[in-house]
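Inside the fold
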Amino acid sequence: MDWIFLILAGFGEMSGVTSLGYYSNYKNKLALVAMIISFIFSFTFLYLSLQTIPMSIGYSIWTGIGAAGGSLMNMWLFNESKSFKRFFFIFLIIISVIGLKFIG
């Protein structure tokens, strides 16, 4: 169950970063509210997951999901660069997160 909490926390982080992008681009108050709710959701589930998952593994995976997912969402929604190099390094983040899961 703790790994599900960690994945939910990562998705909350992705949502928060995406809402932050909307807010910084459009100054929409709804995006600000969505960002706050997303980060509260994310930190709550991160806290729950870290009850049994070691901090070093849990935090790294949470950050990786947020970084990779946030980058992909911003590429899709805000037309950020879609270069091969960007996809390659996002791929490395994902592979690293998977590796941490298996060695943890």
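The present account deals with the structure reproduced in this document. Nothing here was measured: the structure is a model prediction, and the numbers come from that model.

Assigned secondary structure in the chain consists of 4 helices and 0 strands. Each principal axis of the C-alpha distribution contributes one length, and for the chain these read about 40 × 35 × 15 Å. Counting only residues that meet the buried cut, the chain has 33% of its 104 residues in that class. Here the contacts in the chain between residues at least 6 apart in sequence split such that 67% fall between residues at least 24 apart. When the accessible surface of the chain is totalled, it reaches about 6,600 Å², and 74% of it is carbon and sulfur.

Turning our eyes to something else, we now look at unusual backbone geometry. Backbone geometry places K27, a non-glycine residue, at a positive phi of 50°. Residue classification places K27 among the exposed positions, given a relative accessible area of 54%. Look at N79: it is not a glycine, yet its phi comes out positive at around 55°. Structurally, N79 can be placed in the loop between α3 (55–77) and α4 (84–103).

Right, let's talk about the packing of helix α1 (residues 2–26) against helix α2 (residues 29–49) for a bit. Contact pair α1 / α2: the axes reach a minimum separation of 7 Å and the direction vectors enclose 160°. One element, α1, and the other, α2, form an angle in the roughly antiparallel class. Handedness of the α1/α2 crossing: left-handed. For the contact of α1 with α2, the per-class residue count stands at 17 nonpolar, 7 polar and 2 charged.

When we look at a pair of aromatic rings, we describe it by the centre distance and by the angle of the planes. One pass over the structure, following the stated rule, counts 9 aromatic pairs. Ring geometry for F5 and F45: centres 5.4 Å apart, planes at 50°, overall tilted. In this pair, F5 is assigned in helix α1 and F45 in helix α2, connecting sequence segments 40 residues apart. Side by side, F5 and F45 carry an identical accessibility label, which is buried. Taking the centre distance of 6.3 Å and the plane angle of 25° together, the rings of F84 and F88 count as stacked. Taken as a pair, F84 and F88 lie in helix α4 at a separation of 4 residues, close to a single helical turn. Given a relative accessible area of 68%, F84 falls into the exposed group.

Right, let's get into α2. Residues three or four positions apart in an α-helix share a direction because the helix packs 3.6 residues into each turn. Over its 21 residues, α2 extends 30 Å from the first C-alpha to the last, a length consistent with the 30 Å expected when each residue adds 1.5 Å. Regarding α2, the residues found buried are A31, M35, S38, S42, F45, L46 and S49. Seen end-on, α2 carries its buried residues on one side only, within an arc spanning 110°. Set apart from the buried face of α2 by more than 90 degrees, the exposed residues are K29, I37, I40 and Y47. Check the buried side of α2 and you find it contacts α1 and α3. The N-terminus of α2 is capped by N28, whose side-chain oxygen sits 2.7 Å from the backbone nitrogen of L30.

Calculation rules
Residues numbered from 1 in each chain as written. Predicted model: local features only at pLDDT ≥ 70, side-chain atom pairs only at ≥ 80, totals over all residues. Heavy atoms only, no water. Helix = DSSP H or I, 4+ residues; strand = E, 2+ residues; numbered from the N terminus. Buried < 20%, exposed > 50% of the residue type's maximum accessible area, 1.4 Å probe, protein only. Contact = heavy atoms within 4.5 Å. Areas by Shrake-Rupley, 256 points an atom, 1.4 Å probe, with all protein chains shown as cover. Axes fitted to C-alpha atoms, helices over the stretch in contact; angles between N-to-C directions. Parallel < 35°, antiparallel > 145°, perpendicular 65-115°, else oblique. Left-handed = near helix turned anticlockwise from the far one by under 90°. Nonpolar A, V, L, I, M, F, W, Y, C, P; charged D, E, K, R; others polar. Phe/Tyr/Trp six-rings, centres within 6.5 Å; stacked < 30°, edge-to-face > 60°. Expected span 1.5 Å × (residues − 1). Arc of directions from axis to C-beta. Polar contact = N/O pair within 3.5 Å; in protein donor to acceptor, adjacent residues only side chain to side chain.

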